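What follows is the residue order along each chain.
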Amino acid sequence: MRKLNIVVTGGAGFIGSHIVDAYLALGHRVWVLDDLSSGSRENLNGEAELIEGDIRDGNILDRLGSTRLDVLNHHAAQADVRRSVSDPAFDADVNIVGSLRLIQRVMEAGAHRVIFSSSGGAIYGEPVTFPQTENHPLLPVSPYGCAKLAVEHYLDYYRLVHGLRSVSLRYANVYGPRQNSRGEAGVVAIFSERVLKGDPLIVNGSGEQTRDFVHVSDVVRANVAALELDLDGSFNVGTGIETTLNEVVEVFRNASGREIRVEHAEARKGEQLRSVLDGTALRELARLPEPLPFTSGLSETFRWFEERVS
Ligand code: NAD
């Protein structure tokens, strides 16, 4: 494949930084656009060029000079669902308006393709069929989900009217090394740190709520396929396997070999009860391997957190 000029927004964050590593390893030239609000320099690959700034700043990509861009891989976001509920306008400002400024600007810089990090759990809302395929009704129950869906629609518009090719990757619950434990979504990162500190794991409600945990290496594979196969449209990136929070605790017991205490807290109002994505469409199209089983992915991730703490 020809060497491409790629901007990865959010490339100092959890998922984006792994994608940057993979794209650089394939020989592409990568710029990371990130305001470091939840990402960190520690995650940054030294071979990438950092443009430190906000995606909402319409002039931020002027720093590319006359470089002709090929691809925008867009991972920067206000990614906190609870913050989107408490401040929907801020969420929309970053996740919708920021995305549109960026898309307009990269088209001017010559980009012909966009890869966008959407969210299956957030845009399907409370599921009505299991596992959720790409045809599941789109009924987001958070401003964050509304924003992700809006950007998918805008990308459809840009494809139809401006010929800009794009792929929206609808992730399940992504976990793996470098995940930030400060957010609310990263239960594996949060539990890893608590186990290592000897703190009890807090389980909201009965613990029977389910999620689909997909390892970041599978998400990276999807992003490489999206780059190399000139795909268009929206695709789930998930395992099709539903795991309860109580099962997550058990997997932690086995993976860590430590004594684990659990404290139950009140169920969170409005929390989605179930979510599981059917990721076969993209896997078959791109001939991707079966996803990494949660037990092995979690063991590897826990070791990574362990090494950082010791
Ligand atoms: P993250 O917080 O680690 O990464 C987000 C990155 O974006 C950070 O480096 C942050 O500093 C940067 N950023 C935030 N606002 C910015 C702004 N206004 N301008 C420039 N940079 C900004 O989160 P993540 O888990 O790696 O998520 C990456 C993307 O994947 C997000 O778009 C998120 O919505 C999406 N996603 C994540 C999951 C998941 O389970 N982690 C699931 C579905 C979708």
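Before any of the text, the structure's been laid out above.
Predicted model, so just to flag it, every value in this text is computed and none were measured.

Engineer: Got a sec to walk through the overall build of the chain? Specific residues and values, please.
Structural biologist: Assigned secondary structure in the chain consists of ten helices and 13 strands. In summary, the chain has a C-alpha radius of gyration of 19 Å against a globular reference of 19 Å for 310 residues, a match within 12%. In terms of overall dimensions, the chain has a C-alpha envelope of 55 × 45 × 40 Å along the principal axes. A total accessible area of about 13,700 Å² is found for the chain, and carbon and sulfur atoms account for 50% of it. Taking the 32 positively charged and 42 negatively charged side chains of the chain as two groups, their mean positions are separated by 2 Å.

Engineer: Let's hear about the site of the ligand: which residues, and what values?
Structural biologist: Not every one of the 28 residues close to the ligand is listed here, only the nearest: F14, I15, D34, S38 and Y144. Residue G13 places a main-chain N or O atom 3.1 Å away from an oxygen atom belonging to the ligand. S37 is positioned with one of its backbone polar atoms (N or O) 3.0 Å from an oxygen atom of the ligand. Bound to the protein, the ligand loses 92% of the 830 Å² it would expose on its own. Every element with two or more residues in the shell around the ligand is listed here: α1 (14–25), β5 (113–119), α5 (143–162) and β7 (173–175). Considering each element in turn, the shell around the ligand owes the most residues, three residues, to β5. Considered class by class, the residues forming the shell around the ligand number 13 nonpolar, eleven polar and four charged.

Engineer: Describe empty space enclosed by the protein, with residues and values.
Structural biologist: This model, assessed by the stated rule, comprises four cavities of 30 Å³ or more. Taken as a whole, the largest cavity holds about 110 Å³ of empty space. Among the secondary structure elements, those contributing two or more residues to the lining of the largest cavity are α7 (216–228), β11 (233–237) and α9 (280–286). Among the elements that line the lining of the largest cavity, the one with the most residues is α7, at three residues. Looking at side-chain class alone, the lining of the largest cavity contains seven nonpolar, three polar and three charged residues. Size it by volume and the second largest cavity reaches roughly 50 Å³. H74, A76, A77, N95, S99, F116, S117, A147, K148 and V151 are the residues that line the second largest cavity. Looking at the lining of the second largest cavity, the elements that each hand over two or more residues are α3 (88–108), β5 and α5. At three residues, α5 tops the list of elements feeding residues into the lining of the second largest cavity.

Engineer: Tell me about the pattern of salt bridges, residues and numbers included.
Structural biologist: For the coordinates displayed, the defined rule picks out 21 salt bridges. Salt-bridge contacts for E271 lead to R211; the nearest nitrogen and oxygen are separated by 3.5 Å. Of the two residues, E271 is situated in the loop between β13 (262–265) and α9 and R211 in strand β9 (residues 210–211); the sequence distance between them amounts to 60 residues. With a relative accessible area of 25%, E271 lands in the partly exposed category. Salt bridges sharing partners connect three or more residues here, namely R113, D156, R159, R165, D230 and D232.

Engineer: A description of α7 should follow, citing residues and the corresponding values.
Structural biologist: Over its 13 residues, α7 runs 18 Å from end to end, which matches the ideal 18 Å to within 8%, given 1.5 Å per residue. Taken across its 13 residues, α7 has ten buried, putting it largely inside the fold. When we look at burial in α7, the residues that qualify are V216, D218, V219, V220, A222, N223, V224, A225, A226 and L227.

Engineer: Describe the environment of F130, naming the residues involved and giving the relevant values.
Structural biologist: Take F130: it is sitting in the loop between α4 (120–124) and α5. Note on F130: relative accessible area 37%, which makes it partly exposed. Along the chain, F130 and L273 lie 143 residues apart, while their C-alpha atoms are 13 Å from each other.

Engineer: Which residues make up a nonpolar patch on the surface, and what values do they have?
Structural biologist: Taken together, Y154, Y157, L160 and V161 make up a surface patch of nonpolar side chains, about 440 Å² in accessible area. Along the polypeptide, V161 turns up in helix α5. Take V161: its relative accessible area is 54%, and that puts it in the exposed class.

Engineer: Before we move on, can you summarise the packing of helix α6 (residues 187–197) against helix α8 (residues 245–256) with the specific residues and values?
Structural biologist: One way to put it is that α6 packs onto α8 with a least axis distance of 11 Å and a crossing angle of 45 degrees. Between α6 and α8, the crossing angle belongs to the class labelled oblique. When the axes of α6 and α8 are compared, the crossing they make is right-handed. Here α6 contributes V187, V188, F191, S192 and V195 to the contact with α8, which in turn contributes L245, V248, V249, F252 and S256.

Engineer: Which residues make up the packing of α8 against helix α10 (residues 294–309), and what values go with them?
Structural biologist: Remark: α8 packs on α10, axes separated minimally by 9 Å, with the N-to-C direction vectors making an angle of 60 degrees. With respect to each other, α8 and α10 are oriented oblique. For the pair α8 and α10, the sense of crossing is right-handed. Judged by residue contacts, V248, V251, F252, A255 and S256 of α8 engage F294, T295, L298, S299, F302 and R303 from α10. Partitioned by chemical class, the residues of the contact of α8 with α10 number seven nonpolar, three polar and one charged.

Calculation criteria
Residues numbered from 1 in each chain as written. Predicted model: local features only at pLDDT ≥ 70, side-chain atom pairs only at ≥ 80, totals over all residues. Heavy atoms only, no water. Helix = DSSP H or I, 4+ residues; strand = E, 2+ residues; numbered from the N terminus. Rg over C-alpha atoms; globule rule 2.2 N^0.38 Å. Areas by Shrake-Rupley, 256 points an atom, 1.4 Å probe, with all protein chains shown as cover. Lys, Arg positive; Asp, Glu negative; His and termini not counted. Charge placed at Lys NZ, Arg CZ, Asp CG, Glu CD. Near = heavy atom within 4 Å. Polar contact = N/O pair within 3.5 Å; in protein donor to acceptor, adjacent residues only side chain to side chain. Nonpolar A, V, L, I, M, F, W, Y, C, P; charged D, E, K, R; others polar. 1 Å grid on protein atoms, 1.4 Å probe; cavity = no way out; pocket = protein on both sides within 12 Å on 5 of 7 lines; lining within 4 Å. Points joined across faces, edges and corners; volume = space filled by probe spheres on them. Salt bridge = Lys/Arg side-chain N within 4 Å of Asp/Glu carboxyl O. Buried < 20%, exposed > 50% of the residue type's maximum accessible area, 1.4 Å probe, protein only. Expected span 1.5 Å × (residues − 1). Patch = residues over 30% accessible without salt bridge, like charges linked within 9 Å, V, L, I, M, F, W, Y side chains within 5 Å. Axes fitted to C-alpha atoms, helices over the stretch in contact; angles between N-to-C directions. Parallel < 35°, antiparallel > 145°, perpendicular 65-115°, else oblique. Left-handed = near helix turned anticlockwise from the far one by under 90°. Contact = heavy atoms within 4.5 Å.

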